[in-house]
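Residue strings, one per chain:
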Amino acid sequence: MAGVAQPPKRGLPPPPRPRFGPVDREKTCPLLLRVFTKAGSHHVNDDFAVRGKEPKDEVQIYTWKDASLRELTDLVKEVAPAARRRNAKLSFAFVYPDKRGRFVVREVGQTFSFGNRRLDDGKTLAELGFEIGDYLDVAIM
């Protein structure tokens, strides 16, 4: 029948795209992540109140937003002897300015020093809401 429009054929909908796909680390420039470690607990908000006077126990890591907490745990273990203990637990927190410009420390996940694939090992920075410019505070317990 000429001139009669046929409705478009409907197939299966396209598969949902992953919310945070992997980053092509060969083509994507890494970001600088400022990591602050502390034994026993997280730093408090006031430790970050004055720009340029952040805590001294800083490690700078180049990484990508698809880095998992397990990857970051392994990097922290290279520089923090306390994190190498077999029973060490690492608690991760993002540090960022709130709407008034005051720094906030927000816990986002935990791992064990020697991975057992529990807790938050597989969570990535992107999935946890990391934004470029945030700091990472790691409490080693």
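In this text, all values refer to a predicted model and were calculated from it rather than measured experimentally. (Residues numbered from 1 in each chain as written. Predicted model: local features only at pLDDT ≥ 70, side-chain atom pairs only at ≥ 80, totals over all residues. Heavy atoms only, no water.)

## Some points on the overall build of the protein
Summing up its helical and strand segments, the protein has one helix and five strands in all. Mapped from its N terminus to its C terminus, the protein presents α and β elements in the order β-β-α-β-β-β. Contacts in the protein between residues at least 24 apart in sequence constitute 67% of all its contacts with a sequence separation of at least 6. Counting only carbon and sulfur atoms, one obtains 54% of the accessible surface of the protein, whose full area is about 9500 Å². (Helix = DSSP H or I, 4+ residues; strand = E, 2+ residues; numbered from the N terminus. Contact = heavy atoms within 4.5 Å. Areas by Shrake-Rupley, 256 points an atom, 1.4 Å probe, with all protein chains shown as cover.)

## What to know about the pairing of strand β5 (residues 135-140)
Among the six residues that make up β5, six are buried, leaving the element largely enclosed by the rest of the structure. Here β5 shows two buried faces, one formed by Tyr135, Asp137 and Ala139 and the other by Leu136, Val138 and Ile140. Two strands pair when backbone bridges link them, and strand β1 (residues 31-39) and β5 are joined in this way by five bridges, in the parallel orientation. Note that in β5 the partner of Thr37 across the bridge is Val138. Sheet topology places strand β3 (residues 89-97) next to β5; six bridges connect them, and they run antiparallel. The residue of β5 that forms the bridge with Ser91 is Ala139. (Buried < 20%, exposed > 50% of the residue type's maximum accessible area, 1.4 Å probe, protein only. Pairing = 2+ DSSP bridges.)

## Topic: the sheet that holds β1
A sheet is described by the order of its strands in space; here five strands give the open sequence β2-β1-β5-β3-β4, paired in mixed fashion. Single-partner strands in this sheet number two, and they are β2 (58-63) and β4 (103-112). On average, each strand axis in the sheet is inclined to that of its neighbour by 30 degrees, with strand direction left out of account. As defined by bridge partners, β1 adjoins β2 across six bridges and the pair is classed as antiparallel. Paired with Leu32 across the two strands is Tyr62, which belongs to β2. (Axes fitted to C-alpha atoms, helices over the stretch in contact; angles between N-to-C directions.)

## Points about the pairing of β3
Looking along a regular strand, one sees the side chains alternate between the two faces of the sheet. In this sheet, β4 lies alongside β3 in antiparallel orientation, the contact comprising nine bridges. Among the inter-strand pairings, Ala93 is bridged to a residue of β4, identified as Glu107. Hairpin connection, β3 to β4: the antiparallel pair is bridged by five residues, and Gly101 has positive phi, about 90 degrees.

## Quick word on the environment of Leu33
Relative to the elements of secondary structure, Leu33 occurs in strand β1. In the structure, Leu33 is positioned 102 residues away from Tyr135 in sequence and 6.4 Å away in space, judged by C-alpha atoms.

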